[in-house]
Number of protein chains: 2
Amino acid sequence: MPSSLKDMRFLIHEVFDFAGHYQALSRAQPGEFGEPPDAALIDAVLDEGVRFSEQELAPINRSGDEQGCRIEAGEVFTPTGFKEAYATYIELGWAGLIGDPAYGGQGLPESLSVFLEDLMCCANMAWTMYPGLSRGAINALNAHGSEAQKEAFLPKLLTGAWTGTMCLTEPHAGSDVGLAKTRAEVGADGRYAITGTKIFISAGEHDMAANIVHLVLARTPDAPAGTRGISMFVVPKFDLDGSRNKVSCGSIENKMGIHGNSTCVLNFDQATGYLVGEENQGMRYMFTMMNAARLVVGLQGVCLAQAALHSSMDYATERLQMRSLKGPVAPDKPADPIIVHPDVRRMLFTQRAIAEGGRALIYYTAQTADRFLHGEAADRERAGSLLDFLTPIVKGMLTELGFESVNEAVQVYGGHGFIRETGIEQHVRDARITLIYEGTTQIQALDLLGRKILMTQGKGLLIFLEEIKRVTETLREPLPELAAVLAATADEWGQLTLELSASAQQDMDALGAAAVDYLFYSGYAALAYCWARVAETAWRAQQQHRQDASEDDPYLAGKLATARFYFSRLLPRKDFHKQAIEAGPDSLVQVSDDALTAL
Amino acid sequence: MPSSLKDMRFLIHEVFDFAGHYQALSRAQPGEFGEPPDAALIDAVLDEGVRFSEQELAPINRSGDEQGCRIEAGEVFTPTGFKEAYATYIELGWAGLIGDPAYGGQGLPESLSVFLEDLMCCANMAWTMYPGLSRGAINALNAHGSEAQKEAFLPKLLTGAWTGTMCLTEPHAGSDVGLAKTRAEVGADGRYAITGTKIFISAGEHDMAANIVHLVLARTPDAPAGTRGISMFVVPKFDLDGSRNKVSCGSIENKMGIHGNSTCVLNFDQATGYLVGEENQGMRYMFTMMNAARLVVGLQGVCLAQAALHSSMDYATERLQMRSLKGPVAPDKPADPIIVHPDVRRMLFTQRAIAEGGRALIYYTAQTADRFLHGEAADRERAGSLLDFLTPIVKGMLTELGFESVNEAVQVYGGHGFIRETGIEQHVRDARITLIYEGTTQIQALDLLGRKILMTQGKGLLIFLEEIKRVTETLREPLPELAAVLAATADEWGQLTLELSASAQQDMDALGAAAVDYLFYSGYAALAYCWARVAETAWRAQQQHRQDASEDDPYLAGKLATARFYFSRLLPRKDFHKQAIEAGPDSLVQVSDDALTAL
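About the cut-offs
- Position numbers for residues start from 1 in each chain and track the written sequence from start to end.
- Chain labels run from A onward and ligand labels from 1 onward, assigned in the order the entries are written.
- Only residues with pLDDT of at least 70 are given local features in this predicted model, and only at 80 or more are side-chain atom pairs given and counted; all residues enter the totals for whole chains, interfaces and linings.
- A run of DSSP states H or I qualifies as a helix once it reaches four residues; a run of E qualifies as a strand once it reaches two. Both are numbered from the N-terminal end.
- With C-alpha atoms as the basis for the radius of gyration, the globule rule is written as 2.2 Å multiplied by the number of residues raised to the power 0.38.
- Each residue is classed by its C-beta neighbour count within 10 Å, where at least 20 other C-beta atoms makes it buried, 12 or fewer makes it exposed, and intermediate counts make it partly exposed; the C-beta atoms are placed from backbone geometry.
- The contact criterion used here is simple: two residues whose C-beta atoms, placed from the backbone, lie within 7 Å are in contact.
- All residues other than Ala, Val, Leu, Ile, Met, Phe, Trp, Tyr, Cys, Pro, Asp, Glu, Lys and Arg, Gly among them, are scored as polar; the first ten of these are nonpolar and the last four charged.
- Least-squares superposition of the copies uses the C-alpha atoms of those residues scoring a pLDDT of at least 70 in each of them.
- Take the residue count of a helix, subtract one, and multiply by 1.5 Å to get its expected span.
- Fitting axes to the seven residues ending at a residue and to the seven starting there, one defines the bend at that residue as the angle between these axes.
- Fitting a line to C-alpha atoms yields each axis, with helices limited to the stretch in contact; the angle taken between N-to-C directions then spans 0 to 180 degrees.
- Any angle that is under 35 degrees is reported as roughly parallel, and any over 145 degrees as roughly antiparallel; angles of 65 to 115 degrees are reported as roughly perpendicular and all others as oblique.
- Working rule for handedness: look at the near helix, and if it is turned counterclockwise from the far one by less than a right angle, call the crossing left-handed; if clockwise, right-handed.
- By convention in this section, buried Ala, Val, Leu, Ile, Met, Phe, Trp, Tyr and Cys residues joined through C-beta atoms within 7 Å make up a nonpolar core.
- pLDDT gives the predictor's per-residue confidence on a scale running from 0 to 100.
- Pairs of strands are assigned from DSSP output, requiring at least two bridges between the strands.

**Q** Teacher, can you tell me more about the overall build of chain A here?
**A** If you tally the helices and strands in chain A, you get 21 helices and 9 strands. In terms of overall dimensions, chain A is globule-like: its C-alpha atoms have a radius of gyration of 24 Å, near the 25 Å expected for 599 residues. With respect to the three principal axes, the spread of C-alpha positions in chain A is 80 × 65 × 55 Å. A burial count over chain A gives 61% of its 599 residues as buried. Here the analysis covers contacts within chain A between residues at least 6 apart in sequence; of these, 75% occur between residues at least 24 apart.

**Q** How do you make sense of the interface of chain A and chain B when you look at a structure like this?
**A** Across the boundary between the two partners, chain A contributes 84 residues, which contact 84 residues of chain B. The leading source of residues in the side of chain A that touches chain B is helix 18 (residues 554-570) of chain A, at 9 residues. Residue composition of the side of chain A that touches chain B, grouped by class: 43 nonpolar, 21 polar and 20 charged.

**Q** Please clarify how unusual backbone geometry should be interpreted in this entry.
**A** Peptide bonds are trans in most cases, and residues, glycine excluded, mostly fall at negative phi. Residues and elements named next belong to chain A. One non-glycine residue, Ala203, adopts positive backbone phi at about 60°. With respect to the secondary-structure elements, Ala203 resides in the loop between strand 5 (192-202) and strand 6 (211-218). Judged by C-beta crowding, with 26 C-beta atoms within 10 Å, Ala203 ranks as buried. In this structure, Met322 is a non-glycine residue whose phi angle is positive, near 65°. In this structure Met322 comes out as partly exposed when scored by C-beta crowding, with 18 C-beta atoms within 10 Å.

**Q** Explain the relation of the copies chain A and chain B to me, please; I cannot follow it from the model alone.
**A** Note: a rotation about an axis with an accompanying shift along it relates these two copies of the chain. Between chain A and chain B, which share one sequence, the superposing operator has a rotation angle of 180° and an axial displacement of 0.0 Å; the RMSD is 0.0 Å. Here the two chains are linked by the operation of a two-fold rotation axis. Across chain A, the rotation axis passes nearest the C-alpha of Phe576 of chain A, at a separation of 3.3 Å. Of the interface residues in chain A, 100% have counterparts in chain B that sit at the interface too, so the contact is made through matching surfaces.

**Q** Explain helix 17 (residues 508-548) of chain B here, please?
**A** In an α-helix, one turn spans 3.6 residues, which is why side chains three or four residues apart end up on the same side. All names here are of chain B. With 41 residues, helix 17 should cover 60 Å at 1.5 Å per step; its first-to-last C-alpha distance of 59 Å lies within 8% of that length. The largest bend along helix 17 measures about 45° and falls at Ala515. Of all the 41 residues making up helix 17, 30 are buried; the element is thus mostly covered by neighbouring parts of the structure.

**Q** Just to check I follow, could you spell out the packing of helix 16 (residues 480-506) of chain B against helix 17 of chain B for this structure?
**A** All names here are of chain B. The interhelical angle for the contact between helix 16 and helix 17, taken along N-to-C directions, is 160°, at an axis separation of 10 Å. When the axis of helix 16 is compared with that of helix 17, the two are roughly antiparallel. In the packing of helix 16 onto helix 17, the handedness of the crossing is left-handed. For the pair formed by helix 16 and helix 17, the contact residues are Leu482, Leu486, Thr489, Trp493, Leu496, Leu500, Ser503, Ala504 and Gln506 on the first element and Ala510, Leu511, Ala514, Tyr518, Tyr521, Ala525, Ala528, Tyr529, Ala532 and Ala535 on the second.

**Q** How do you make sense of the nonpolar core when you look at a structure like this?
**A** Across soluble globular proteins, nonpolar side chains show a tendency to be buried alongside one another. Core analysis: the biggest nonpolar cluster contains 417 residues, and Phe233 of chain A together with Phe233 of chain B have the highest contact counts within it. With residues up to four places along the chain from it excluded, the contact list for Phe233 of chain B reads Ala184, Tyr192, Ile194, Val216, Ala218, Gly273, Tyr274, Leu275 and Val276 of chain B.

**Q** Before we go on, may I ask you to explain the environment of Cys122 of chain B in this structure?
**A** Residue and element names in this part refer to chain B. Within the secondary structure, Cys122 is located in helix 6 (residues 110-123). Judged by the 33 C-beta atoms lying within 10 Å of it, Cys122 is buried. Taking the C-alpha atoms as reference points, Cys122 and Gln300, 178 residues apart in sequence, are found 7.8 Å from one another.

**Q** Can you walk me through the confidence of the model for chain A in this structure?
**A** Detailed conclusions should not be drawn from predicted coordinates in areas where pLDDT is low. With 100% of its residues at a pLDDT of 70 or more, chain A has an overall mean of 96. Two numbers describe this predicted complex: its pTM, 0.98, and its ipTM, 0.97.

**Q** It is not clear to me how helix 3 (residues 39-57) of chain B should be interpreted in this structure. Could you clarify?
**A** Residue and element names in this part refer to chain B. Taking 1.5 Å of rise per residue, the 19 residues of helix 3 would be expected to cover 27 Å, and the 25 Å separating its terminal C-alpha atoms lies within 8% of that figure. Within the sequence span of helix 3, burial applies to Ile42, Val45, Leu46, Gly49, Val50, Phe52, Ser53, Glu56 and Leu57. Structurally, helix 3 contributes buried residues whose contacts are with helix 1 (5-15), helix 2 (18-28), helix 4 (61-67), helix 5 (82-91), helix 6 and helix 7 (125-144).

**Q** Hey, could you run me through the packing of helix 10 (residues 342-374) of chain A against helix 18 of chain A in this one?
**A** All names here are of chain A. It is at 9 Å that the axes of helix 10 and helix 18 come closest, and there the two elements cross at 105°. The orientation of helix 10 with respect to helix 18, classified from their angle, is roughly perpendicular. Of the residues in helix 18, those in contact with Phe349, Thr350, Arg352, Ala353, Glu356 and Gly357 of helix 10 are Thr562, Phe565, Tyr566 and Leu570.

**Q** Help me understand the pairing of strand 7 (residues 231-236) of chain A in this model?
**A** Looking along a regular strand, one sees side chains alternate from face to face of the sheet. Residues and elements named next belong to chain A. Strand 7 sits mainly inside the fold: 6 of its 6 residues count as buried. Along strand 7, one buried face is formed by Ser231, Phe233 and Val235 and the opposite face, lined by Met232, Val234 and Pro236, is buried too. Relative to strand 7, strand 6 is paired through 6 bridges, and the arrangement is antiparallel. Residue pairing in the sheet places Leu217 in a bridge with Met232 of strand 7. Sheet topology places strand 7 next to strand 9 (residues 263-276); 3 bridges connect them, and they run antiparallel. Considered in strand 9, the bridge of Met232 is made with Val276.

**Q** Help me understand the environment of Asn61 of chain B, please; the structure alone is not making it clear to me.
**A** Residues and elements named next belong to chain B. By the element assignment, Asn61 lies in helix 4. Note on Asn61: 24 C-beta atoms within 10 Å, which makes it buried. Sequence separation between Asn61 and Gly81 is 20 residues; the distance between their C-alpha atoms is 9.7 Å. Aside from chain neighbours lying at most four places away, what touches Asn61 is Ala123 and Asn124.

**Q** Even after reading the chapter, I still don't get the environment of Ala595 of chain A, so can you show me in this structure?
**A** Tracing the backbone through its elements, the reader meets Ala595 of chain A in helix 21 (residues 593-597). On the neighbour-count criterion, Ala595 of chain A (18 C-beta atoms within 10 Å) is partly exposed. Placed 508 residues apart in sequence, Ala595 of chain A and Ala87 of chain A show a C-alpha to C-alpha distance of 57 Å. Excluding anything up to four places from it in sequence, Ala595 of chain A contacts Pro554, Ala557, Gly558 and Ala561 of chain B.

As structure tokens, then:
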């Protein structure tokens, strides 16, 4: 597995100065993290993460895909090596890295675990989902559980001895969670009996941990219809007295990808459940899990793009095929390496722009999340609005672009990319789910335009536009051409949002018809901000480097070249999306269903 | 399997008037087809094709994917039912539908077999590849084989008793066929001994036919280097005396998709081969096979898009999830069908625009191929230039858009689209190869811009632009807004080509950097032409219909709506590609390999 360590360090230390960021958080909330993690501690975590990912996870990525999970008499067995790798993960103490020290966590800032997840997911997405899902359960219990529930579940989740799940989807309730039919009936002892079927439950049953803690959405008998009548329950596979609870895995799905992760049908048959928080508040609690999970899925898009980028870059350098149209570049060889062809370079740059720009957006969002959770009181609300705004962009855009990116990698490989042996096509199959689960691109788009723009009068966007303006100023001297495009993009984004908001308030069809294009537009603009920050940092580092060295550092030159590529070849796609938004809903809705469906 | 019969009939009879077209060919070359096929005969072929596809091929599509092919001691076994379906296909006499009557063919025009392949491929792409590959061998032998070779091989290929293959690729010679190392040494009897390894040979070995006729590219000892030293040989699995020839299947590939088709490594070990035509002319002969094959691959992109469109249209109509943002549309149901959501409609329209517009482009190209092969002498060269020009567009663009389209279908299905059971994800896996084999999108793009534009001074394009102009005139009265956009697009296309040609002649990097974007630009423009023709026909039929009926025909209304959707929501993508072309090669090539690869 090719490591992204250099790119990660550049972003963490140079672009976003996470050590300084942790110090600022520590000043804002003294004692929050003990000593705030410094650069050396961050590097130590990264180094250990690389070792674990390369040595334990990467070797079982393809074999996990080939073997998949299997079910025997309700027991699910993960692929060879998954269990052992999880045991090592527990030993390393990473399950509790960011958890509350009161329950055994190490209390480190959340972004540190993003770096680890980044490394692990680049090596093995299907495996990384198992510990990843525990995080959602931990967050939900931490935020909304009773003291007794926290004491009962968090210590085990934070050692990693137990894992967690999110049980939302039912056969007829996917995007529309409010249609869930799973019933919860309270007993004399205050415990609930949960009955119903949940599907598509990732890591729903497996052999890696002693117990599985399901966070389940269900409906009490007198609950109002729809999302307002959903409650959340914690339903452990083994109840607190050690007895087997009445939740069982009926089957596992045969899927396009992520074969190493068990996707389960879970049957709850009067299973014992404990109400989390209050009845009918389940949707609100669910978003505590869901928002964090959405950022993780955005990260998955980036990680698969990273993995495929590294492989296809190597392949493009080694594969000899045809001569450069300008004449032989490697006349001593039977043909030139395909990296000489401009369109192969375009595919490689596209992957870099997505994978590295996407990672920058993830880290920026993680820093924003840290500020929301631990920052100065005055900054928290601001950071929260920005985080709310960025979440659907991270999830929706980085998964869409991640899928594009892994497909470009296949294309670089040509026929060899279609063969399972090279491992590249697995990235495409794994990536395909990221556009769907934890809310499809369409759901993200409605969240962005409906909730995050219209319902808040664009609060998060306005904060982000200010931030872009600040960065534009610092960019004006070193990279005036990028600064000008970035400034114009920010102005256009604001204007487009105003116009769209006006028409969407008049006509809900205008909202529905524009949402996905608005998501893409916003994604390209947000990535322009990220590439601007990366370019500015790279430019300053290059100036510094030139004082000591006679030749440019290729790493910094590559970063600047990728930034320029992004601005000249990818960012212009926003114009198409703007045009689609301005075309309005008529071509979609002023036609009868009969006409649309008459094939 | 949902049939596309209605759409096919509309294109065949109404838009392109194939019966009239066959009559015109027959007048140009009297006796060429006996009686030219009339509408009734075409319909009879279509009906039988539908029956065969729905009853024999569709039921073994998913099982073929699940089972795949297997190899035992060099023998390859196709999935259950493949052999039986092929036997039926032979019985129906379709293997010889368009072949030369002198060798047992029925001598019908080529486009008729395109309609059949369309139906079969919509039902089962992996199966359809087996007879499809015979076609390439038949074409090559027909055009370049000796009389003795024709007599030896064509009758068996035209009954379907034997199948064919194209053996081009070697481990180190993919896009660059000139790197092929397979050797051919002539013996005293004039026969050649062929030695080497070919990979990625579709239908290279299987259990469906008594013999397999390999068309093999190889190099004689004194041949010049590169493509000028390639010769073509016919190498039968069983030699003409019935003895087993020394060609064997070493292994079959484990692939992302098309599991039902055997993709073979073929080892030639002093195998007996017969030289086709002259030595060192193999590349030229190869293009006889290849150009037809490229149109077939374009058709595959369309067929997978069609199949996924039909499924996802049904799903969008049946799946209940959330309410329309404008309020309940089906208040008696727990939720509205998802087709009410504007973005779901966008995804359905996108699929229709691609699948139906793509089919129109295929049929138009097939008509052009008929004219090239059988038309009036004066028209043949013109049709040939147009065909040459359209071929890389059909192959490159319709596979790229086909892949987009099947992915939109998955997205309509949401989580259920990722599950193998629904059959939708198979389309994505099957479609992925179409962007690669018979020349990647990148190869098509270089063919289009390099060979078909620069080397001919845009001959094919100029003919096509005239054709667009003609259609624009007929469209001006009924659909003036589409006519105006089409006219502007044609002007812009011509201008862009002139400017690009000028810069590409100065700088080969400008050619390489622009080629793929130029392919996409051209593809969108060509589809605009097709949608204009469809819209014009639908509009006239609608006027006719309105004389007799009080309500519009939803089929015609749907066609017009999809045409309008294409012009307003998809065609504008050309602007992005124009911008990318105009951005020039600097961002790709003015950066060192060290910088590009420094990850």
